[in-house]
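Close look at the chain arrangement
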Amino acid sequence: MKPLTQTGLTEFLSRFDNFKGAELRSVDVINPFEIKVVLATQDKARAFDWITIELLFSEVEAANLVEDNQLNFIDMEDGISIIYEENKFAFGIGECYNISTIKSSSLYLISNTLKYQEGQF
């Protein structure tokens, strides 16, 4: 897995168009401090081919998760937001502009570190 940094965050989200219209495949709690989110999305760098992205959140401080059987009901029209604020990564569904708005998302995570891995669709 590759670490995602504050400086690379904007480019990463732009490459995947903020995951608009993506498929939220799974949310796996590895342990209380590590959670993996798996999404399928289109990649601008690969002529908009579909790929799978795994996001690994470590040192998780706060989270609001949903059961796997509810993932298909989450509207991904507005994609996701990942914000680096207060030395933390905050992930939420939809357009969010700060940690406060992320905490009102139907699914959110706040962690100290974030890594990602690309895979086949």
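As a reminder, the structure under discussion sits directly above these lines.
What counts and how
Note that residues are indexed from 1 along each chain, following the sequence as it is written. In view of the model being predicted, local features appear only for residues whose pLDDT reaches at least 70, and side-chain atom pairs are presented and counted only at 80 or more, with totals across whole chains, interfaces and linings using the full set of residues. To get the side-chain values, take all heavy atoms of the structure and skip hydrogens and water. By the criteria applied, helices consist of DSSP H or I runs no shorter than four residues and strands consist of E runs no shorter than two, each listed in order from the N terminus. Here the globule rule reads 2.2 Å times residues to the power 0.38, and the radius of gyration is calculated from C-alpha atoms. Working definition: with a 1.4 Å probe on protein chains only, accessible area under 20% of the residue-type maximum means buried, over 50% means exposed, and in between means partly exposed. Aromatic pairing here means that ring centres of Phe, Tyr or Trp (its six-membered ring) are within 6.5 Å. Orientation follows from the plane angle: under 30 degrees is stacked, over 60 is edge-to-face, and everything else is tilted. Salt bridges are defined as contacts in which a side-chain nitrogen from Lys or Arg sits within 4 Å of a carboxyl oxygen from Asp or Glu. A strand pair is defined by DSSP finding two or more bridges across the two strands.

1. A word on the overall build of the chain
What the chain contains, in helices and strands, is 2 helices and 7 strands. Listing the helices and strands of the chain from first to last along the sequence gives β-α-β-β-β-β-β-α-β. Computed over its C-alpha atoms, the radius of gyration of the chain comes to 13 Å, within 12% of the 14 Å expected for a compact globule of 121 residues. For the C-alpha atoms alone, the extent of the chain along its principal axes is close to 35 × 35 × 25 Å. Within the chain, buried positions represent 43% of all 121 residues.

2. Digging into the packing of aromatic side chains
Summed over all chains, the structure comprises 6 aromatic pairs. Seen from their ring centres, F12 and F19 are 6.0 Å apart, and the 45 degrees between their planes marks the pair as tilted. The burial state of F12 is the same as that of F19; both residues are buried. The interplanar angle of 50 degrees and the centroid separation of 4.8 Å between the aromatic rings of F12 and Y116 together place this pair among those described as tilted.

3. Some words on the pattern of salt bridges
Following the criterion strictly, the structure yields 7 salt bridges and no others. The partner of E54 in a salt bridge is K36, and the shortest N-O contact between them spans 3.8 Å. With E54 in strand 4 (residues 49-64) and K36 in strand 3 (residues 34-43), this residue pair connects regions lying 18 residues apart in the sequence. Judged by relative accessible area, E54 falls into the partly exposed class, the value being 21%.

4. Comments concerning unusual backbone geometry
Both trends apply: most residues other than glycine have a negative phi, and most peptide bonds are in trans. One non-glycine residue, F48, lies in positive phi territory at about 65 degrees. The phi dihedral of N87 falls on the positive side, at around 60 degrees, and the residue is not glycine. Within the secondary structure layout, N87 lies in the loop between strand 5 (80-85) and strand 6 (88-93).

5. Quick notes on the pairing of strand 7 (residues 108-120)
Relative to strand 7, strand 1 (residues 2-3) runs antiparallel, the two being bridged by 2 bridges. The residue of strand 7 that forms the bridge with K2 is Y116. Pairing between strand 4 and strand 7: 12 bridges, direction antiparallel. The residue of strand 7 that forms the bridge with E54 is Q117.

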